[in-house]
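Overview (structure and organization)
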Amino acid sequence: MTKRAGFVALIGEPNAGKSTLTNRMVGAKVSIVTHKVQTTRARIRGVAMEGESQIVFVDTPGLFRPRRRLDRAMVAAAWGGAADADVIVLLVEAHRGVTEGVERILEGLADLGERRIALAINKIDRVKAEDLLALSQDLNARFNFVQTFMISAEKGHGVDDLRKWLAQELPEGPWLYPEDQIADLPMRMIAAEMTREKLTLRLHQELPYQMTVETEKWEERKDGSARVDQIIYVQRDGHKGIVLGKRGETIKAVSQAARAELEEFMGRRIHLFLQVKVRENWQEEAERYSEMGLDFRDGNT
């Protein structure tokens, strides 16, 4: 069989299910999945094998109307990922249909020129069959998709068909990554994402977008375990108290949950140490962006 390899960009609005789909395809949790929008910050690539094809997913941040510098950099990263990919898959939520955001993305896709772009209508279990058909017809009338898939990334429906199709669409050529490598994201960034996911889930509406997590140190130990030191940056002193929680309960719970997930992911013991620091202008610092795989210059208006 001929070997194939290439990049697939999953694009869509925040919460459309891009991270869930990547994780379902790859079979390991590489991208932060929460019920809050705008959580995927870095260009995380998951690698899926299908027969002799290696599919490399560029899991782009959700496309939304940017307000701050960080938002602008995230949107630029999403479109950059799409422009670099061999195949693009637009994810649209079945129950939300053609929103204003989807319309804006369709306009952006038209600007990409001749590309192989497929449509995946996600969360199909939330709507009736006739509504699905109507939505599919509406979207295909607006844009010339090469293929349409009905899926549930969460439950796995239709995902195998999509993966098999993607495998056939990639260019012939040698694999881009060793077979056992599930993501080209450095381990310390994945660890930071896991902690940030736990913080986001724990704090809900309070301040997830005003904080970032960085893995400051990663130390391998002789007994096979690793010591991981992370810093949670917040913008104000008041935020620090929220993250710490009453008698340090919040940070303790976050640390335990993140450590448990990291240990399961790596299959070994992890000693996780978290610190909270106030850095008022972290959203304007170039260094924070490269930590997240984003380009600071993309944030310039």
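Summary of the structure given here. Note that the coordinates shown come from a computational prediction; the quantities given were computed from them, not determined experimentally.

**Regarding unusual backbone geometry**
- With phi around 65°, Lys123 is a residue other than glycine that occupies positive phi space.
- Within the fold, Lys123 resides in the loop between strand S5 (116–122) and helix H4 (129–142).
- The backbone of Arg247 sits at a positive phi, close to 50°, despite the residue not being glycine.
- Residue position: Arg247 is located in the loop between helix H7 (237–244) and helix H8 (249–266).

**Some details on the pattern of salt bridges**
- Applying the stated rule across the entire model yields 18 salt bridges.
- Glu100 is the salt-bridge partner of Arg104, the closest N and O atoms lying 3.7 Å from each other. Of this pair, Arg104 and Glu100 both sit in helix H3 (residues 100–110), four residues apart, roughly one helical turn.
- With relative accessibility at 32%, the residue Arg104 sits in the partly exposed group.
- Two residues, Arg259 and Glu263, come together in a salt bridge whose shortest N-O distance is 3.9 Å. Within this pair, Arg259 and its partner Glu263 are both found in helix H8, separated by four residues, close to a single helical turn.
- A single network of salt bridges, built from pairs that share partners, joins Glu13, Glu93, Arg96 and Lys123.

**Considerations on the sheet that holds strand S9 (residues 270–278)**
- The strand order across the open sheet formed by three strands is S7-S8-S9, and the pairing between neighbours is mixed. Either end of the sheet is taken by a strand with one partner, and the two such strands are strand S7 (211–220) and S9. Between one strand and the next, the sheet's axes are offset by a mean angle of 20°, whatever the strand orientation.
- Bridge count for S7 against strand S8 (residues 226–234) is nine bridges, and the pairing is antiparallel. When the bridges of S8 are listed, Val213 appears paired with Ile232.
- Contacts from H7 reach S8 and S9 within the one sheet, and its direction differs from that of S9 by about 155°.
- Sheet contacts for H8: S7, S8 and S9; angle to S9, the most-contacted strand, approximately 140°.

**Things to note about the pairing of strand S1 (residues 4–12)**
- Within S1, eight of the nine residues are buried, which leaves it mostly tucked inside the rest of the structure.
- As judged from the five bridges shared by S1 and strand S4 (residues 87–93), these two strands associate in the parallel manner. Across the sheet, the residue bridging to Ile11 is Leu90, located in S4.

**Let's talk about the packing of aromatic side chains**
- The final tally for this structure, using the stated rule, is two aromatic pairs.
- Pairing Phe143 with Phe145 gives two aromatic rings, centres 4.9 Å apart and planes at 55°, and the pair type is tilted.
- The exposure class assigned to Phe143 is buried, which follows from its relative accessible area of 15%.
- Take Phe145: its relative accessible area is 6%, and that puts it in the buried class.
- With a centroid separation of 5.5 Å and 55° between ring planes, the pair formed by Phe149 and Trp165 is classed as tilted. In this pair, Phe149 is assigned in strand S6 (residues 147–150) and Trp165 in helix H5 (residues 159–169), connecting sequence segments 16 residues apart.
- One Lys or Arg, Lys3, reaches over the ring of Trp175 and ends 4.0 Å from the middle of that ring.

**What about the packing of helix H1 (residues 18–26) against H5?**
- Where H1 meets H5, the axes come as close as 11 Å, and the angle between the chain directions of the two elements is 75°. The pairing of H1 with H5 is recorded here as roughly perpendicular in orientation. Taking contact as the criterion, the partners of Leu21, Arg24 and Met25 in H1 are, on H5, Val159, Leu162, Arg163 and Leu166.
- Residue composition of the contact of H1 with H5, by class: five nonpolar, no polar and two charged.

Calculation notes
Residues numbered from 1 in each chain as written. Predicted model: local features only at pLDDT ≥ 70, side-chain atom pairs only at ≥ 80, totals over all residues. Heavy atoms only, no water. Helix = DSSP H or I, 4+ residues; strand = E, 2+ residues; numbered from the N terminus. Salt bridge = Lys/Arg side-chain N within 4 Å of Asp/Glu carboxyl O. Buried < 20%, exposed > 50% of the residue type's maximum accessible area, 1.4 Å probe, protein only. Pairing = 2+ DSSP bridges. Axes fitted to C-alpha atoms, helices over the stretch in contact; angles between N-to-C directions. Contact = heavy atoms within 4.5 Å. Phe/Tyr/Trp six-rings, centres within 6.5 Å; stacked < 30°, edge-to-face > 60°. Lys NZ or Arg CZ within 6 Å of the ring centre and 35° of its normal. Parallel < 35°, antiparallel > 145°, perpendicular 65-115°, else oblique. Nonpolar A, V, L, I, M, F, W, Y, C, P; charged D, E, K, R; others polar.

That's the geometry; what it means functionally is another story.
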